[in-house]
Amino acid sequence: MKFKSSHLHKKPGVSLLLLAVFGCLVFESALAQPIIPTATNATPGTVSQSLAGDGIVLPAAFNDPIEPFNRAMWSFNKGFLTWVARPASKVYRHVVIKPVRTGIGRMGKNWTYPDRLVNNLLQGNWTGSLQETERCLCNTVLGLGGFFDVATHAGIPKNDADFGQTFRKWGWQPGCYLMLPVLGPSDERDAVGLVGDTAAEPQTYFFPYSLISTGVAANNLSDTVEGAVCFSRSEADSYSILQYAWSFGHENRKVDMRLTGIQDEASLETLQAVLFTYTNAEFPAFGKTRSVLIPTTGKKLDFTFWLQPGHTPVVYIVPGFGAHRLSGNELALAELVYQRGFSAVCISSTFHPEFMENASTTDLPSYPPTDVLDLQVALTQIDHRLDAAYGQRLGSRVLMGYSMGAFQSLCLAAQAPTNTAPSVKFDRYVAIDSPVNLRYSATNLDQFYFAPLAWPAGERTANIENTFLKVAALSSQSPKPGADLPFNAIESRFLIGLEFRLTLRDMIFSSQLRHNQGVLKHALKKSKRRATYDEIMQYSFWDYINKFAFPYDKSRGIDMTDPEIVKKATDLRTYTDELKANHKIRLIANRNDFLLTAEDLGWIEATFDPSEVTLFPHGSHLGNLSQAAVQHAILGALDGLGASPKTTKGDKSSQ
């Protein structure tokens, strides 16, 4: 199976997470609000009406007139990846070692030389055709049929060419996005090009040699399928992300990688969060996914877990705002604690549609105490199921949350003294980069999204497009943690704000499907979403609060216009005494986190014992999770619970 988007061919981890960030740049227009970004830890501000009135227009995605058909094909492809390709690839990887799989992939590439030769000639690239001929001869004779890439070591350049490229050079401008069954994203031009590519390969006409291409494609897919499945499952709408990423990636557009303007250290550090991912490509496959019946909703909620073979503590991981249980950061934390000797359990965020549609007692996340209670019910049911099946292997219970999950974990820690059976009880609470005041966090995230208002209106959309192209280019390069990213302050803030804004979009769409409040003007259709998404993208976090959450809460007898109710629901300071008295809490934070004010940092230091808090000077929001010192602090927060480090990267005992 060949997905035409190059992002899905990369090693799972960095490239897929960068794709997630890039893919969170999804739709065509978003009207600006009168707010601009402020400095880290500063009080929110506003901008002049003249600037705000110009608005933000995101670059258009590729034309998708047959969206319902394409979405149906993507659903088929997801099923194929999950239920056919993934299990088959797991067996294949067990039998065929990595060096052999790599060599087979090289041989398959070498055998498609006739296609590259023909298309280089059709494009008038005589040098390219000669170099490809040299590569083929060199790899065939000296590289054992192409199993070894001797030509690259000899310095002979690659000149990839196919009929899609040739048609583009001849002037064919495609106008319709097309999701092909099994083959993935394309358009009508490249789809016809695939036919030409197949016809140009001699083995096509000789059975059983005609099966070579299929076999090589299956071989290549085996090393990327785990990441592709995680991506397709973890994103609330993976179709829209893939479609938008493909819109920018498939034409090899020119990108200006120059850095213009000043940089913002905090937001640049936060972008590094996408580089924190699992290190063992097999780790997701070691996990086991099961479901529990949620008594408050009557529906089943999925969770994923990795159990150690013996009696060990269990770490329940609660993710950040809108994240899925198979998202990169959550899998990375699960692997980190698993390698340290703990069992790990992952659950989706209360703001992810998976949780909202199955475990939320409300139609939309709007009142944090209710969301925290729903989370507690879900964790309790999961713990009961695991205890019934593996009780002898479950030791102390740990609740570990990051970002919004950390805020919710601290709320549960504050309520621990009144937490009675049968609710699950935790022996340790680990909060990583928790916000303190959710209203301040929402304001800052809105401001980050509106960062491009600082650009002249006539240059704004082009600058945003170049920002997207920068991310696409970085995705193909797989940057390492700590690498210098070529984003100025406007670009880095905007990317962060847009990622959160897309999560808000998915929240609103999911909630209104179940309970349409009549706010949206466009129809809500799962199979055709673009117009509705465009409208939803006009809503900021404060719009969500004022136009969706407040009216909904009021209908349930909760007056969120009451300052006391708001403070109790959204500010951890409400639980100062309870948190100060709970010495099972371990808190890890960064002093330059853009979600924290100086007052918040002072409260943290005054509330928690110094032995319970680790404050790093840099890292902003989750940006230093890939650093050894931070990972050491996370594992240190689990000291005294009885686990011992593992000597292997994975364990099949949970199977």
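From a predicted model like this one, the values you see are computed outputs, not experimental measurements.

### Points about the overall build of the chain
At step 1: Check the secondary structure of the chain and you find 27 helices and ten strands.
At step 2: Buried positions account for 59% of the 655 residues belonging to the chain.
At step 3: Accessible area of the chain: about 25800 Å², with a carbon and sulfur share of 58%.

### Description of the packing of aromatic side chains
At step 1: One pass over the full model with this rule turns up 25 aromatic pairs.
At step 2: Seen in terms of ring centroids, phenylalanine 62 and tryptophan 246 are 5.2 Å apart; in terms of plane orientation they differ by 90°. Their pairing is edge-to-face. With a gap of 184 residues between them, phenylalanine 62 in the loop between helix H2 (49–54) and helix H3 (67–95) and tryptophan 246 in helix H12 (residues 238–249) connect regions that are remote in the sequence. Accessibility assignment for this pair places phenylalanine 62 and tryptophan 246 in one class, buried.
At step 3: Aromatic pair tyrosine 539 and phenylalanine 548: ring centres 5.4 Å apart, planes at 80°, arrangement edge-to-face.
At step 4: Accessibility expressed as a relative area gives 11% for tyrosine 539, which makes it buried.
At step 5: Take phenylalanine 548: its relative accessible area is 0%, and that puts it in the buried class.
At step 6: An aromatic cluster of three or more residues is present, and its members are Tyr244, Tyr449, Phe450, Phe468 and Phe494.

### Topic: a nonpolar patch on the surface
At step 1: On the surface, Val118, Leu122 and Trp170 cluster together into a nonpolar patch covering about 280 Å² of accessible area.
At step 2: Assignment of secondary structure puts valine 118 in helix H5 (residues 113–122).
At step 3: On the accessibility criterion, valine 118 (32% relative accessible area) is partly exposed.

### Examining the pattern of salt bridges
One side chain can pair with another of opposite charge once the charged atoms of both are near each other.
At step 1: In this structure the tally under the stated criterion is 26 salt bridges.
At step 2: In this structure, aspartate 264 engages arginine 493 in a salt bridge whose closest nitrogen and oxygen atoms are separated by 3.4 Å. With aspartate 264 in the loop between H12 and helix H13 (265–271) and arginine 493 in helix H21 (residues 489–514), this residue pair connects regions lying 229 residues apart in the sequence. When sorted by exposure, aspartate 264 lands in the same class as arginine 493, which is buried.
At step 3: A salt bridge links arginine 397 to aspartate 383; its shortest N-O distance comes to 2.8 Å. Remark: aspartate 383 occurs in helix H17 (residues 368–390) and arginine 397 occurs in strand E7 (residues 394–402); sequence separation between them is 14 residues. Both residues of the pair, arginine 397 and aspartate 383, count as buried.
At step 4: Within this structure, Glu67, Arg71, Asp237 and Arg529 form a network of salt bridges that share partners.

### Some points on the side chain of glutamine 308
At step 1: The topology assignment puts glutamine 308 in the loop between strand E4 (299–306) and strand E5 (312–318).
At step 2: Looking at glutamine 308, its side chain comes within polar contact range of the main-chain oxygen of phenylalanine 342, at 2.9 Å.

### Remarks on the sheet that holds E5
At step 1: Read from one edge of the open sheet, eight strands run E3-E4-E6-E5-E7-E8-E9-E10, paired in mixed fashion. The open sheet terminates on both sides in strands that have one partner only, identified here as strand E3 (288–294) and strand E10 (613–616). Looking at each pair of strands side by side, their axes are set apart by 20° on average, direction ignored.
At step 2: Looking at chain direction, E3 and E4 are connected through seven bridges and run antiparallel. Of the residues in E4, the one forming a bridge with valine 292 is leucine 301.
At step 3: Sheet strands touched by H17: E3, E4, E5, strand E6 (343–346) and E7. Its angle to E3, the strand with the most contacts, is close to 120°.
At step 4: Across the sheet, helix H27 (residues 628–636) is in contact with E7, strand E8 (428–432), strand E9 (585–590) and E10; its angle to E10 comes to roughly 170°.

### Points about helix H11 (residues 225–234)
At step 1: Judged by how many residues are buried, H11 sits mostly within the fold: nine of ten residues are covered.
At step 2: Among the residues of H11, those classed as buried are Val225, Glu226, Gly227, Ala228, Val229, Cys230, Phe231, Ser232 and Ser234.

### A short note on the nonpolar core
At step 1: Of all hydrophobic cores here, the largest spans 89 residues; its most connected members are Tyr316, Ile347, Leu379, Leu386, Tyr544 and Leu579.
At step 2: Grouped together as the second largest cluster of nonpolar side chains are 37 residues, Ala273, Tyr278, Val315 and Leu641 included.

### Considerations on the confidence of the model for the chain
At step 1: Put simply, the chain has an average pLDDT of 87, and 89% of its residues get 70 or more.
At step 2: Note on residues 1–54: pLDDT under 50 across the span, and 179 contacts to partners over four residues away in sequence or across chains.
At step 3: Contacts for the low-pLDDT stretch residues 647–655, under 50 throughout, to residues beyond four places or in other chains number 29 contacts.

### Observations concerning the pairing of E7
In summary, the side chains of a regular strand alternate between the two faces of the sheet.
At step 1: The buried fraction of E7 is high, at eight of nine residues.
At step 2: Pairing of E5 with E7, which is carried by six bridges, proceeds in the parallel orientation. Looking across to E7, one finds that valine 315 is bridged to valine 398.
At step 3: Here E7 pairs with E8 via five bridges, running parallel. What sits directly across from methionine 400, in E8, is valine 430.
At step 4: Viewed along the sheet, the connection from E7 through helix H18 (residues 404–414) into E8 turns out right-handed.

### Structural notes on unusual backbone geometry
Leaving glycine out, the prevailing phi sign among residues is negative, and the prevailing peptide bond configuration is trans.
At step 1: Of note, the bond from phenylalanine 207 into proline 208 is cis; its omega dihedral lies within 30 degrees of zero at 5°.
At step 2: The topology assignment puts proline 208 in the loop between helix H9 (188–199) and helix H10 (212–221).
At step 3: Even without glycine at this site, leucine 144 takes up a positive phi of about 55°.
At step 4: Relative to the helices and strands, leucine 144 resides in the loop between helix H6 (126–141) and helix H7 (150–153).

The rules behind the values
Residues numbered from 1 in each chain as written. Predicted model: local features only at pLDDT ≥ 70, side-chain atom pairs only at ≥ 80, totals over all residues. Heavy atoms only, no water. Helix = DSSP H or I, 4+ residues; strand = E, 2+ residues; numbered from the N terminus. Buried < 20%, exposed > 50% of the residue type's maximum accessible area, 1.4 Å probe, protein only. Areas by Shrake-Rupley, 256 points an atom, 1.4 Å probe, with all protein chains shown as cover. Phe/Tyr/Trp six-rings, centres within 6.5 Å; stacked < 30°, edge-to-face > 60°. Patch = residues over 30% accessible without salt bridge, like charges linked within 9 Å, V, L, I, M, F, W, Y side chains within 5 Å. Salt bridge = Lys/Arg side-chain N within 4 Å of Asp/Glu carboxyl O. Polar contact = N/O pair within 3.5 Å; in protein donor to acceptor, adjacent residues only side chain to side chain. Pairing = 2+ DSSP bridges. Axes fitted to C-alpha atoms, helices over the stretch in contact; angles between N-to-C directions. Contact = heavy atoms within 4.5 Å. Core = buried A, V, L, I, M, F, W, Y, C linked by side-chain atoms within 4.5 Å. pLDDT = per-residue confidence, 0-100. Right-handed = clockwise from strand over helix to strand, strands pointing away.

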